[in-house]
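Overview (structure and organization)
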Amino acid sequence: MNLGKWQFTPHFWPTLGAVVLIAAFGWLSNWQFHRAAQKQALIDAIQAGATAAPVDLNAAVRSRQAGQVARYRHVALHGRYDSAHQVLASQIMHDSRRGYYVLTPFHLAGTDAWVIVNRGWLPDTGQAVRQAQLAVPDESRTVTGLWTHLPRPGIRLGADAPMPAGWPKTMLYPTREQLEAALQRPLLAHAVWLSPDASAGFVRDWRPAPRFGPSRHIGYAFQWLALAVTVLVVWIILNLHKREHEADE
């Protein structure tokens, strides 16, 4: 390409390398912008759920609208705990201490539906947790909480461990399917994180909001974009040469 005193002569392999890098950095930048949008949507949902009136989960189940209840909404549910069949979700950290989330089945009165209520965090003392430590009176009650997911790891590795015998069962980040298999009953799609002011719970320092907001993802996106631009500029410079007759003069 003739550019006056300069000549642009790109070569195949450097050009191919530049295209690959620019495409990769561009994809990563777009992914970070997408993650920023997801984080903002999550924060908006949490804020909206915090200010809205609690949803009557029993009524939602009876009207077959439970699937329409948005995550992070506050819900109210009436029924009874089944404290004879509880699960301890293990390897849960709180204030740099290892422990368990206490997952208790809850029967919604007037329906055949069951939901898992996360009653909070219990420290791991190195000794087996006894059923008596988890007991909750078998009485009709109304509880409130946050309608959201079961505890889950950042990355789930390896095959599922065999189902432990007896109750309470200690399980590593159990899924809904694993809990249904253990309890021998279907469960609603999400769980309820028991409100901090509700009775019959353990440590409930819930922090549903992400550890950092969308601004960090936007910063990462611009960094990847800057790297793509840098590769483009370097590729242009490396392939731009002074025309020979101009150099001889």
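Look up: the structure comes first, before these words.
These lines cover the structure that appears in this document, whether it is placed above or below. (Residues numbered from 1 in each chain as written. Predicted model: local features only at pLDDT ≥ 70, side-chain atom pairs only at ≥ 80, totals over all residues. Heavy atoms only, no water.)

Some points on the overall build of the protein
Applied cut-off: By the criteria applied, helices consist of DSSP H or I runs no shorter than four residues and strands consist of E runs no shorter than two, each listed in order from the N terminus. For a compact globule the rule gives 2.2 Å times the number of residues to the power 0.38, and the radius of gyration it is set against comes from C-alpha atoms. By the convention used here, residues are in contact when the closest approach between their heavy atoms is within 4.5 Å. Method for areas: the Shrake-Rupley scheme with a 1.4 Å probe, in which residue coverage is limited to the protein chains shown. Positive charges are assigned to Lys and Arg, negative charges to Asp and Glu, while His and the chain termini are left out of the count. By convention, the point assigned to a charge is CZ for Arg, NZ for Lys, CD for Glu and CG for Asp.
When helices and strands are counted, the protein shows six helices and 11 strands. Its C-alpha atoms give the protein a radius of gyration of 28 Å, clearly above 18 Å, the size a compact globule of 249 residues would have. Seen along its three principal axes, the alpha-carbon backbone of the protein occupies a region of about 100 × 40 × 30 Å. Once local pairs closer than 6 in sequence are excluded, the contacts in the protein between residues at least 24 apart make up 69%. Carbon together with sulfur atoms contributes 58% to the accessible area of the protein, which is approximately 14,700 Å² in total. Measuring between centres, the 24 positive side-chain charges of the protein sit 5 Å from its 17 negative side-chain charges.

Describing the environment of Asp112
Mapped onto the elements, Asp112 comes out in the loop between strand S6 (97-108) and strand S7 (114-123). For the pair formed by Asp112 and Val61, sequence separation is 51 residues and the distance between their alpha carbons is 9.1 Å.

Here we look at the pattern of salt bridges
This is how it is decided: Basic side-chain nitrogens of Lys or Arg form a salt bridge, by our definition, when they fall within 4 Å of a carboxyl oxygen of Asp or Glu. Here the term buried applies to any residue with accessible area under 20% of the maximum for its type, exposed to any over 50%, and partly exposed to those in between, with areas from a 1.4 Å probe on protein chains only.
Counted by the stated rule, this structure contains five salt bridges. A salt bridge links Arg80 to Asp138; the nearest nitrogen and oxygen atoms lie 3.9 Å apart. Linking Arg80 in strand S4 (residues 73-81) with Asp138 in the loop between helix H3 (131-134) and strand S8 (141-148), this pair joins segments that are 58 residues apart in sequence. Judged by relative accessible area, which is 40%, Arg80 ranks as partly exposed. Here Asp205 makes a salt bridge to Arg207, at a shortest N to O gap of 2.8 Å.

Description of the nonpolar core
So the rule is basically this: Here the nonpolar core consists of buried residues drawn from Ala, Val, Leu, Ile, Met, Phe, Trp, Tyr and Cys, with membership extended through side-chain atoms lying within 4.5 Å.
Of all hydrophobic cores here, the largest spans 21 residues; its most connected members are Leu77, Leu108 and Val115. Elements that contribute at least two residues to this core include exactly helix H2 (57-62), S4, S6, S7, S8 and strand S10 (191-194). Excluding its chain neighbours within four sequence positions, the residues that come into contact with Leu108 are Leu57, Asn58, Val61, Leu77, His78, Ala113, Val115 and Leu188. With 20 residues, the next largest nonpolar core counts Ala89, Tyr101, Ile116 and Leu187 among its residues.

A word on empty space enclosed by the protein
Stated precisely, the cut-off is as follows: For each structure, a 1 Å grid was placed over the protein atoms alone; sets of points admitting a 1.4 Å probe that cannot get out are labelled cavities, open sets with protein on both sides within 12 Å along at least five of seven lines are labelled pockets, and lining residues have an atom within 4 Å of a point. Grid points are joined across faces, edges and corners, and a volume is the space filled by probe spheres set on the points. Under this grouping Gly is polar, as are all residues other than the nonpolar Ala, Val, Leu, Ile, Met, Phe, Trp, Tyr, Cys and Pro and the charged Asp, Glu, Lys and Arg.
This structure, assessed with the given rule, holds one cavity of 30 Å³ or more. Put simply, the largest cavity is a space of about 40 Å³. If you trace the largest cavity, you find it lined by Ile116, Leu150, Arg176, Leu187, Leu188, Ala189, His190 and Ala191. Grouping the constituent residues of the lining of the largest cavity by class yields six nonpolar, one polar and one charged.

A closer look at the side chain of Ser29
Heads up, the rule is: Polar contact is defined as a pair of N or O atoms within 3.5 Å, subject to the rule that within protein one atom must be able to donate a hydrogen and the other to accept it, and that residues adjacent in sequence are counted only when both atoms are side-chain atoms.
The topology assignment puts Ser29 in helix H1 (residues 12-51). Owing to a relative accessible area of 3%, Ser29 belongs among the buried residues under this scheme. Within polar-contact distance, the side chain of Ser29 engages the backbone oxygen of Ala221 at 2.9 Å. Leaving out residues up to four positions away in the same chain, Ser29 has contacts with Ala221, Trp224 and Leu225.

Here's the deal with H1
Using the following cut-off: To estimate the expected span of a helix, subtract one from its residue number and multiply by 1.5 Å.
The end-to-end C-alpha distance of H1 is 59 Å, a good match for the 58 Å that 40 residues give at a rise of 1.5 Å each. When H1 is considered as a whole, its buried residues turn out to be Ala18, Phe25, Ser29, Gln32, Ala36, Lys39, Ile43, Ile46 and Gly49. Looking at the buried positions of H1, the neighbouring elements they touch are S4 and helix H5 (214-238).

Considerations on the packing of aromatic side chains
The criterion, for reference: Here a Phe, Tyr or Trp ring, Trp counted by its six-membered ring, pairs with any other such ring whose centre lies within 6.5 Å, and the pair is stacked when the planes are under 30 degrees apart, edge-to-face when over 60, and tilted otherwise.
Within this structure, the stated rule accounts for seven aromatic pairs. Here Tyr81 and Phe106 contribute two aromatic rings whose centre-to-centre distance is 5.0 Å and whose plane-to-plane angle is 85°, an arrangement assigned as edge-to-face. Of this pair, Tyr81 sits in strand S4 while Phe106 sits in strand S6; the two residues are 25 residues apart in sequence, bridging distant segments of the chain. Residue Tyr81 is classed as buried on the basis of its relative accessible area of 3%. Its relative accessible area of 0% is what places Phe106 among the buried residues. An aromatic cluster of three or more residues is present, and its members are Tyr101, Trp193 and Trp206.

Description of the pairing of S10
Heads up, the condition is: What makes two strands pair is DSSP finding at least two bridges between them.
A two-sided burial pattern is seen for S10, the buried positions comprising Ala191 and Trp193 on one face and Val192 and Leu194 on the other. Of the pairings in the sheet, the one linking S7 to S10 comprises two bridges and is parallel in character. From the neighbouring strand, Val117 faces S10, where its bridge partner is Val192. Where S8 meets S10, four bridges bridge the pair, whose relative direction is antiparallel. Among the inter-strand pairings, Thr148 is bridged to a residue of S10, identified as Ala191.

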